[in-house]
Each structure stands twice: as structure tokens, then as C-alpha cells.
Amino acid sequence: MAVKPAIALLAGIAIGAVVVGAGLRGRESASAAPDADPSAAPPSNVGAAAGAGASVWAISFVRARPGQRERLQRYLRANWLVLDAKALEQGRIAGYRMLRADESTTESWDYAVIIEYPNRQAMQDFVPAYLDMLRAHPKVRVDGLDFADLGDVVQQNVVEPVANLDAAEVTP
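Rules behind the numbers
- Residues numbered from 1 in each chain as written.
- Predicted model: local features only at pLDDT ≥ 70, side-chain atom pairs only at ≥ 80, totals over all residues.
- Heavy atoms only, no water.
- Helix = DSSP H or I, 4+ residues; strand = E, 2+ residues; numbered from the N terminus.
- Polar contact = N/O pair within 3.5 Å; in protein donor to acceptor, adjacent residues only side chain to side chain.
- Expected span 1.5 Å × (residues − 1).
- Bend = angle between axes of the 7 residues up to and from the residue.
- Buried < 20%, exposed > 50% of the residue type's maximum accessible area, 1.4 Å probe, protein only.
- Axes fitted to C-alpha atoms, helices over the stretch in contact; angles between N-to-C directions.
- Parallel < 35°, antiparallel > 145°, perpendicular 65-115°, else oblique.
- Contact = heavy atoms within 4.5 Å.
- Nonpolar A, V, L, I, M, F, W, Y, C, P; charged D, E, K, R; others polar.
- Phe/Tyr/Trp six-rings, centres within 6.5 Å; stacked < 30°, edge-to-face > 60°.
- Lys NZ or Arg CZ within 6 Å of the ring centre and 35° of its normal.
- Pairing = 2+ DSSP bridges.

Q: Quick question: what am I supposed to make of the side chain of Glu 116 here?
A: Mapping Glu 116 onto the fold places it in strand E3 (residues 111–117). A polar side-chain atom of Glu 116 sits 3.3 Å from a polar atom in the side chain of Ser 55.

Structure (C-alpha cells):
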């Protein structure tokens, strides 16, 4: 990754956007990288209310440049998600997922990369380790293109889940 996209990605991890709701945990695979199981694992144990030890979720919304949606997806899988898989294996994050917006909508983003951290301290401690992983990971270009050629990070936030309820616990 070039320095500017790497900083944008780290900003997304450290100050990124997070989803409110049940925990997501899983692995995506990339054709240019080692395969990982794309199925979701059980939700994290968030508890009924967020607190000091509650998980923290970061989400980076990424928009593809015109005509680059499929290539951007391949790039994210071969670079961002490979590093997320390593971080999960090392126990640095609780889970990760990549979502794709429906092409028929007018969303301002095409992909959302979500990372779940066990707590805020784990998120803060993650940045130096991620920089080391980033330096060690050989960047995978897609059809000769880098992230800056394929898309932009358009939004990033961090939030904590409010609740982790089963459907039976939700009353109309």
C-alpha cells in the first residue's frame, strides 16, 4: 500500500466507523491470497449494555472509481482482509467482515470493511502492530492497479454496540 492509502486505512481502523448491533466475526478469501473461511462465526459476547470492556467496532466505507468495483473488491480481499485475517489469528481483533452495497441503490459507498475490537484499549494497541504487519505484507496489485487507482475511503467512524439481543428478547 502507498503511504496515503495506508494512513487512510489506519484512520479507519483507529478512528473508523463501527456498526451498532450483533457481533460480526468471519473471514473473507482472496484469489491472490491464502484462502480463509468466509463463513461468520458466532457473535461476540457484547452483553446488554456497552461499557469500558465492551467491544468497539470500526467501519471504513469505500467507494470504487467508475468501472473499478470488481477490481476494488479483489484488492480489498488481497490486501486489507489478508491483514485482518492475520490480526484475528494473532488475537488482536475479535472479528472482521466486508460488506458490499447493492448496486441498484444510490449508496455513497460500494464496500464497508468492518473490524471488531475486544475494547477501546485493544483498538489503540492495534495501530503499531498493524503498521508492522503492513510493512511486512507484500502489496498485491490488481491488474497492475493500486488502491488509489481503484477507490477512496469516503467515511470512517467508531461506535460501541448498545445491545446484543436474540430475536426472542426483542418485543414489538
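Q: How should I be thinking about helix H4 (residues 120–136) in this particular structure?
A: An α-helical segment advances 3.6 residues per turn. Residues three or four places apart therefore align on the same side. Relative to the 24 Å expected for 17 residues at 1.5 Å per residue, H4 spans 25 Å between its end C-alpha atoms, a close match to the ideal helical length. The largest bend along H4 reaches roughly 35 degrees and is located at Val 127, with the proline Pro 128 sitting one to four residues downstream. Among the residues of H4, Ala 122, Met 123, Phe 126, Ala 129, Tyr 130, Met 133 and Leu 134 are the ones counted as buried. The residue sitting at the N-terminus of H4 and contributing the capping side-chain oxygen is Asn 119; that oxygen lies 3.1 Å from the backbone nitrogen of Gln 121.

Q: Honestly, the packing of helix H2 (residues 69–78) against helix H3 (residues 80–89) in this entry has me stumped. Any pointers?
A: Helix-helix packing: each pair is described by the crossing angle between the helix axes and the interaxial distance. Interaxial distance between H2 and H3 falls to 3 Å at its minimum, and their mutual angle equals 25 degrees. By the angle between their axes, H2 is roughly parallel relative to H3. Counting all contacts with H2, which are made through Tyr 75, Leu 76, Arg 77 and Ala 78, the residues of H3 involved are Trp 80, Leu 81 and Val 82. Of the residues assigned to the contact of H2 with H3, the class counts are 6 nonpolar, no polar and 1 charged.

Q: Whenever I open this one, the packing of aromatic side chains confuses me. Can you help?
A: Two descriptors summarise a pair of aromatic rings, namely the distance from one centre to the other and the angle between the planes of the rings. Within this structure, the stated rule accounts for 5 aromatic pairs. Relative to Trp 109, the ring of Phe 61 lies with its centre 5.0 Å away and its plane at 55 degrees, an arrangement referred to as tilted. Of this pair, Phe 61 sits in strand E1 (residues 56–64) while Trp 109 sits in the loop between strand E2 (95–100) and E3, and the two are 48 residues apart along the sequence. On the accessibility criterion, Phe 61 (14% relative accessible area) is buried. On the numbers, 6.1 Å between centres and 40 degrees between planes, the contact of Tyr 75 with Phe 147 is tilted. Remark: Phe 147 occurs in helix H5 (residues 147–150) and Tyr 75 occurs in helix H2; sequence separation between them is 72 residues. By relative accessible area, which is 0% here, Tyr 75 ends up buried. The structure contains a cluster of three or more aromatic residues connected by ring pairs, namely Tyr 75, Trp 80 and Phe 147. Directly above the ring of Tyr 111 sits Arg 69, whose terminal nitrogen or CZ lies 5.6 Å from the centroid.

Q: Explain H2 to me, please; I cannot follow it from the model alone.
A: Restricting attention to buried positions, one finds in H2 the residues Arg 69, Leu 72, Gln 73, Tyr 75, Leu 76 and Ala 78. For H2, the elements touching its buried residues are E1, H3, E2, E3, H5 and strand E4 (151–159).

Q: Before we go on, may I ask you to explain the pairing of E1 in this structure?
A: Along any regular strand, the residues point their side chains to alternate faces of the sheet. Of all the 9 residues making up E1, 8 are buried; the element is thus mostly covered by neighbouring parts of the structure. Direction of pairing for E1 relative to E4: antiparallel, over a ladder of 8 bridges. Pairing of Phe 61 across the sheet is with Gln 155, part of E4.

Geometric descriptors of this kind do not, in isolation, establish any biological role.
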